[in-house]
Amino acid sequence: MKEQIIILDFGSQYTQVIARRIRECQVYSTILPYDTPAAEIAKCRPSGIILSGGPCSVFDKKAPMPDPGIFKLKIPILGICYGLQVLAHSLKGKVERGLKREYGKGTLRLLDKSCPLFKKLPGRLQVWNSHSDKLTRLPKGFKAVATTENSDFAAVEDRRAQRYGLQFHPEVVHTPKGTQIIQNFVHGICGCGKNWTMSSYLDQAVAEIREQVGQDKVILGLSGGVDSSVAAALIHRAIGNQLTCIFVNNGLLRYREEHAVRELFADHFKMRLRYENATPLFLKKLKGVTHPERKRKIIGKAFIDVFRKATQKVGDARFLAQGTLYPDVIESVPIAGNPAALIKSHHNVGGLPKNMKFELLEPLKCLFKDEVRLLGLELGLPKAMVYRHPFPGPGLGVRILGEVTRERLRILKEADAIVLEEMKASGWYYKVWQAFAVLLPVKSVGVMGDERTYEYTIAVRVVESKDGMTADWVKMPYEVLEKMSNRIINEVNGANRVCLDISSKPPATIEWE
């Protein structure tokens, strides 16, 4: 059984960040609900347990608390923020409501440099706090090893019992040395090696897929995006021609994307690929439709219909493969009305209905997005595919404001291709979260070749983001923007003006519709 650290989730918005930081230490991590029975945790044979932060107070009537049995497992425990307060409260220490909230950057001062959590770290550290309650009396066996401006017990330890607590958040970037603290816990205190690699995962995943599928057939909806592409390559590595990929061309894809997908998966990887060109159907259904939500629903329903018919042509298949990722399947129980801790629904191929009688195969469900990209490289997928920018499910249908027509699609595809070409040529493509073109339903007067024109406007959108929840526009070099604009106006028949979108999210969204 592989080494792993278990994280008990008390509803923190940073729980997944903790899990990712541990995996960056090349150690596997698993997130479980805060009230997971100690017996179930013991069966996992973890090397350590982390109690996450959370939005609650130990004084709340329904304060989330772990199974007390975890303290009898003789496994190293680290409590972070609320997790520290849970640790202290459970072991008969004292937590009180703070008179002053400690939020934002703070300075940590070490009292005991021999504490293994702070091995090879200086005596003063910048840390990030986010709490109001505070620990005021230590449980038996504990001592303080660090303080901050408003906390005498910013870091505590019971070294003999291997129990540690931090009032600050080591997992966030605002604690610059936080990764070293986590490494010290995972490697130094828990004794974990560095065995979690994509190479080792690949071998394990192939074996698991073969065991689950046996001799049965698998269908996968291939969109050309990162998740479905990596899932396809992984499953094909495991079972070869038992996999059939269905690629639906709705006409709303990037410039020549249908050719690139077919060349890569059918020609290069030699996969069974069923290509469904449904462009006329989608354009017919979108004729005259201008409302963005109606466009989305039409595109989604049409995809389901086309995909369902395609699966019937494949023949008898038992499994439907999906590119579900770990963040999609982590179940965070709603705690004390915390809106960030709702159960997340699985991704689905175009929102497929439940009446499609397949068993699910989700080979990426224990991976984060960055790990999926690494796995893609391990499988031999090209960097341009693995690190491609996010693309909306409805495709260019929501990057054309107003009605979608063949002519508008042509204009946008050509303009968008130029934006991406110049981003890659300048080296900026892999530095940003997303870059794309939008066609506005606005025509303006221009002069080209001494003649008057009246053509469409293209907006260029380039944003930086960590997770797509918030985003800021990127201050691109003027020479790169100038080249994009000149090429679009000169090479794309139907566009004579280019604008730059300099709005952030919020209040704007990344996509325009």
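Everything discussed here concerns the structure shown above.
Residues numbered from 1 in each chain as written. Predicted model: local features only at pLDDT ≥ 70, side-chain atom pairs only at ≥ 80, totals over all residues. Heavy atoms only, no water.

Peer 1: Describe the packing of aromatic side chains, naming the residues involved and giving the relevant values.
Peer 2: Under the criterion given, the structure shown has nine aromatic pairs. Residues F303 and F307 carry aromatic rings whose centres are separated by 5.7 Å and whose planes lie at 20 degrees to one another, so their mutual orientation is stacked. In this pair, F303 and F307 are both assigned in helix α9 (residues 292-314), four residues apart and thus about one turn of the helix distant. F307 shares its class with F303; the two are buried. Look at Y326 and F368: their rings are 5.5 Å apart centre to centre, the planes differ by 80 degrees, and that puts the pair in the edge-to-face class. Taken together, the positions of Y326 in helix α10 (residues 326-329) and F368 in the loop between β16 (359-361) and α11 (369-378) put the pair 42 residues apart, joining distant regions of the chain. Assigned by exposure class, Y326 and F368 land together as buried. The ring of Y429 carries the charged tip of K424 above its face, separated from the ring centre by 4.9 Å. (Phe/Tyr/Trp six-rings, centres within 6.5 Å; stacked < 30°, edge-to-face > 60°. Helix = DSSP H or I, 4+ residues; strand = E, 2+ residues; numbered from the N terminus. Buried < 20%, exposed > 50% of the residue type's maximum accessible area, 1.4 Å probe, protein only. Lys NZ or Arg CZ within 6 Å of the ring centre and 35° of its normal.)

Peer 1: Break down α9 for me, citing the residues and quoting the values.
Peer 2: Since one α-helical turn is 3.6 residues long, residues separated by three or four positions face the same way. With 23 residues, α9 should reach 33 Å at 1.5 Å per residue; the first-to-last C-alpha distance of 33 Å fits that figure. Among the residues of α9, K295, I298, I299, A302, F303, I304, V306, F307, A310, T311 and V314 are the ones counted as buried. Summarising the contacts, the buried residues of α9 are in contact with β12 (218-221), β13 (243-249), β14 (272-277), α8 (279-286) and β15 (319-321). Looking one or two residues past α9, G315 carries a phi angle of roughly 105 degrees, positive in sign. (Expected span 1.5 Å × (residues − 1). Contact = heavy atoms within 4.5 Å.)

Peer 1: Pulling in residues and values, what's your account of unusual backbone geometry?
Peer 2: The peptide bond linking K505 to P506 adopts the cis configuration, its omega dihedral lying at -15 degrees. One non-glycine residue, Q26, lies in positive phi territory at about 65 degrees. With respect to the helices and strands, the residue Q26 is situated in the loop between α1 (15-24) and β2 (28-33). Since its relative accessible area comes to 31%, Q26 is described here as partly exposed. Here the phi dihedral of R45 falls at roughly 50 degrees; this positive angle occurs in a residue that is not glycine. Classification of R45 by relative accessible area gives exposed; the value is 61%.

Peer 1: Which residues make up the pattern of salt bridges, and what are the values?
Peer 2: Applying the stated criterion across every chain yields a total of 27 salt bridges. Close ionic contact of R410 with E414 constitutes a salt bridge, the shortest N to O distance being 3.2 Å. In this pair, R410 and E414 both sit in helix α13 (residues 406-426), four residues apart, roughly one turn of the helix. R461 is the salt-bridge partner of D501, the closest N and O atoms lying 3.2 Å from each other. With a gap of 40 residues between them, D501 in the segment after β20 (495-500) and R461 in strand β18 (residues 451-464) connect regions that are remote in the sequence. Of the residues examined, D501 reaches a relative accessible area of 10% and is grouped as buried. Its relative accessible area of 0% is what places R461 among the buried residues. Taken together, the shared-partner salt bridges connect E421, E422, K483, R487 and E491 into one network. (Salt bridge = Lys/Arg side-chain N within 4 Å of Asp/Glu carboxyl O.)

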